[in-house]
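# A look at the structure
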Amino acid sequence: MWGGRFSDKPDALMQAINVSIGFDRRLAAQDLEGSRAHAAMLRDTGVISAADEAAIQQGLADIGAEMEAGTFPFRDEFEDIHMNVEARLRELIGPVSGRLHTARSRNDQVALDFRMWVRDACDRTGAQIVALQRALLTKAGEHAETLMPGFTHLQPAQPVTFGHHLMAYVEMFGRDASRFADARSRMNESPLGAAALAGSPFPIDRQMTAKTLRFDRPTANSLDSVADRDFALESLAAGTICAIHLSRLAEEIVIWMTPQFGFVKLSDAFTTGSSIMPQKKNPDAAELVRAKAGRLLASFTQLSVVMKGLPMTYSKDMQEDKVPTFEAFDALELALAAMTGMIADIEPDAKRMAAAAGAGFSTATDLADWLVRELGLPFRDAHHITGAAVKRAETLGSDLPDLPLSELQALEPRVTEGVYEVLTPQASVASRRSYGGTAPDQVRAQIKRWKEYLG
């Protein structure tokens, strides 16, 4: 390729560090699609003849068939996917193949191919997030009334329902889906036609190629077109946040499966055993999903460091953009699929969770609310009395619902038997009817809202 300027071949080490076909072959479909659109535009604008365009299109179709059949000859000597396709096209149709690169550089070519790949990856990931949300909605609907303890600081706080807990993740993954959609919207501009960095002197139609390739518009600055990798960084940032959410849910599954909690069970499909301890049933799928957040964060950090401080416009450093992005989406897509499977598979132990929901003085806030509502006490006074009641119950070795009325009246004489109606976990959950609360009717309302939104 460099024959006109260079007289010697590159050193073997130069070839080794420079070659990228080992990983950028994943851009093959995008490269062929971009080339087909570029050739059609060159014909329509009169830059190349219809006969030359027809030969190029046939050659590209033949290359696509070879790739589909697994017979395409990927060769390191041609460095990357772009030159591999160009070299093979020349072998198939001869010198006319050289016309395809008119008004195009590898700089805008790779910017296009990579942007299209990331766009496709965002679409796949968005669909996977919706599938996970649907699994969560189904499970939440089955357990809208199943009691469990709600935690702060991993200490019992207030009773909630398992359905309400799962719906929290529906909200979190909904924000993840919107981040990918936002990133996709911003990246949906075509850099094709920016050429090396300054644009092209040929009468090209960038609007045509943008429309053909399903972009909203062409990019507006040729320098930025080839220098930009924001689309990959933003997608990796969205992926990292999504992986963090997956990791949080995975961690809860791991905790819930311990004998000390015993809240849920996973079948053999998502657990493994031990090579030495025959009794073990390990939540390895959840643990591996939990770890994927590190992979995503590492990829985002890696690409951020590559791009930091690069002068305009294209530098070969940017060849290092693809591996972390490919690896990140591979990891995220696998984690989403695994979590979707686990949510469909998971079965809660309702009795165990209900017992835990009432432990640890979890209805203390309900007592304080009753004192405010029924006796008109300021909340801070009610909070103080309730704290004293908890301390007294702790001393007597009982829980709040079992604390004698005389003990409560010693702290506030106006307390009546009616207080015990609010001190059960069931009553506590049923009372939380504010919008977005844990009351079963509120949980079902949110499930309905999300099902209508997702369609």
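Report follows, based on the coordinates. None of the values given here were measured: they were computed from a predicted structure.

This next bit is on the nonpolar core. Within the largest apolar cluster, 86 residues are counted, with the highest numbers of intra-cluster contacts made by Phe-173, Leu-246 and Met-339. By residue number, the principal contributor to this core is helix α10 (residues 230-257), which donates 14 residues. Contacts of Phe-173, omitting those with residues within four sequence positions, involve Ile-129, Leu-132, Gln-133, Leu-136, Cys-242, His-245, Leu-246 and Leu-249. Counting residues in hydrophobic clusters, the runner-up holds 21 residues, among them Leu-367, Ile-385, Leu-400 and Val-419.

Moving on to empty space enclosed by the protein. In this structure the tally under the stated criterion is one cavity of 30 Å³ or more. Here the largest cavity is characterised by a volume of approximately 30 Å³. Looking at the lining of the largest cavity, the element that brings in the most residues is helix α5 (residues 81-93), giving three residues. In terms of residue class, the lining of the largest cavity is made up of two nonpolar, two polar and three charged.

Right, let's talk about the packing of aromatic side chains for a bit. Applying the stated criterion across every chain, the model contains eleven aromatic pairs. Between Trp-117 and Phe-329, the ring centres sit 5.9 Å apart and the planes meet at 75°, which makes this aromatic pair edge-to-face. Remark: Phe-329 occurs in helix α12 (residues 322-345) and Trp-117 occurs in helix α6 (residues 106-142); sequence separation between them is 212 residues. No difference in accessibility class separates Trp-117 from Phe-329, as the two residues are buried. Between the aromatic rings of Phe-180 and Phe-329, the centroid separation amounts to 6.3 Å while the plane-to-plane angle is 50°, which identifies the pairing as tilted. Residue Phe-180 is found in helix α7 (residues 162-187), and its partner Phe-329 is found in helix α12; the two are separated by 149 residues along the sequence. Here the two residues Phe-180 and Phe-329 agree in accessibility, since each one is buried. One aromatic cluster in this structure is built from Phe-114, Trp-117, Phe-180, Phe-231, Phe-326 and Phe-329. Its end group placed over the ring of Phe-114, Lys-322 keeps NZ or CZ at 5.5 Å from the ring centre.

Moving on, we come to the pairing of strand β1 (residues 147-152). Pairing of β1 with strand β2 (residues 155-161) involves six bridges; the strand directions are antiparallel. Counted as the bridge partner of Phe-151 is Pro-156 from β2. Counting the residues that bridge the hairpin from β1 to β2 gives two residues, and of these His-153 lies at a positive phi of roughly 60°.

The next subject is helix α3 (residues 28-44). Along an α-helix, a turn takes 3.6 residues, which lines up residues three or four apart on a common side. Under the 1.5 Å per step criterion, the end-to-end length of α3 is 25 Å for 17 residues, consistent within 8% with the ideal 24 Å. The element α3 is extensively covered by neighbouring structure, given that twelve of its 17 residues are classed as buried. Packing partners of the buried residues in α3 comprise α2 (21-24), α4 (50-69), α5, α6 and α8 (206-212). One or two residues past the end of α3 sits Gly-46, with phi positive at roughly 80°.

What follows concerns the layout of surface pockets. A volume near 470 Å³ is recorded for the second largest pocket. Along the wall of the second largest pocket there are 23 residues; nearest its centre are Val-160, His-164, Ala-168, Gly-436 and Thr-438. Breaking the lining of the second largest pocket down by element, the ones donating at least two residues are β1, β2, α7 and α18 (440-454). Broken down by element, the residue count for the lining of the second largest pocket peaks at five residues, all from α7. Of the residues in the lining of the second largest pocket, the class split is eight nonpolar, eleven polar and four charged.

Quick look at α5 now. Counted at 1.5 Å a residue, the expected span for α5 with its 13 residues is 18 Å, and the 18 Å between its end C-alpha atoms agrees. Looking only at α5, the buried set comprises Ile-81, His-82, Met-83, Asn-84, Val-85, Ala-87, Arg-88 and Leu-89. Packing partners of the buried residues in α5 comprise α2, α3, α4 and α6. The opening residue of α5, the one whose side-chain oxygen lies 3.1 Å from the backbone nitrogen of His-82, is Asp-80. Of the residues flanking the end of α5, it is Gly-94, one or two places downstream, whose phi is positive at about 85°.

Reading the values: the criteria
Residues numbered from 1 in each chain as written. Predicted model: local features only at pLDDT ≥ 70, side-chain atom pairs only at ≥ 80, totals over all residues. Heavy atoms only, no water. Core = buried A, V, L, I, M, F, W, Y, C linked by side-chain atoms within 4.5 Å. Buried < 20%, exposed > 50% of the residue type's maximum accessible area, 1.4 Å probe, protein only. Helix = DSSP H or I, 4+ residues; strand = E, 2+ residues; numbered from the N terminus. Contact = heavy atoms within 4.5 Å. 1 Å grid on protein atoms, 1.4 Å probe; cavity = no way out; pocket = protein on both sides within 12 Å on 5 of 7 lines; lining within 4 Å. Points joined across faces, edges and corners; volume = space filled by probe spheres on them. Nonpolar A, V, L, I, M, F, W, Y, C, P; charged D, E, K, R; others polar. Phe/Tyr/Trp six-rings, centres within 6.5 Å; stacked < 30°, edge-to-face > 60°. Lys NZ or Arg CZ within 6 Å of the ring centre and 35° of its normal. Pairing = 2+ DSSP bridges. Expected span 1.5 Å × (residues − 1). Polar contact = N/O pair within 3.5 Å; in protein donor to acceptor, adjacent residues only side chain to side chain.

By themselves, these observations are geometric and do not establish any function.
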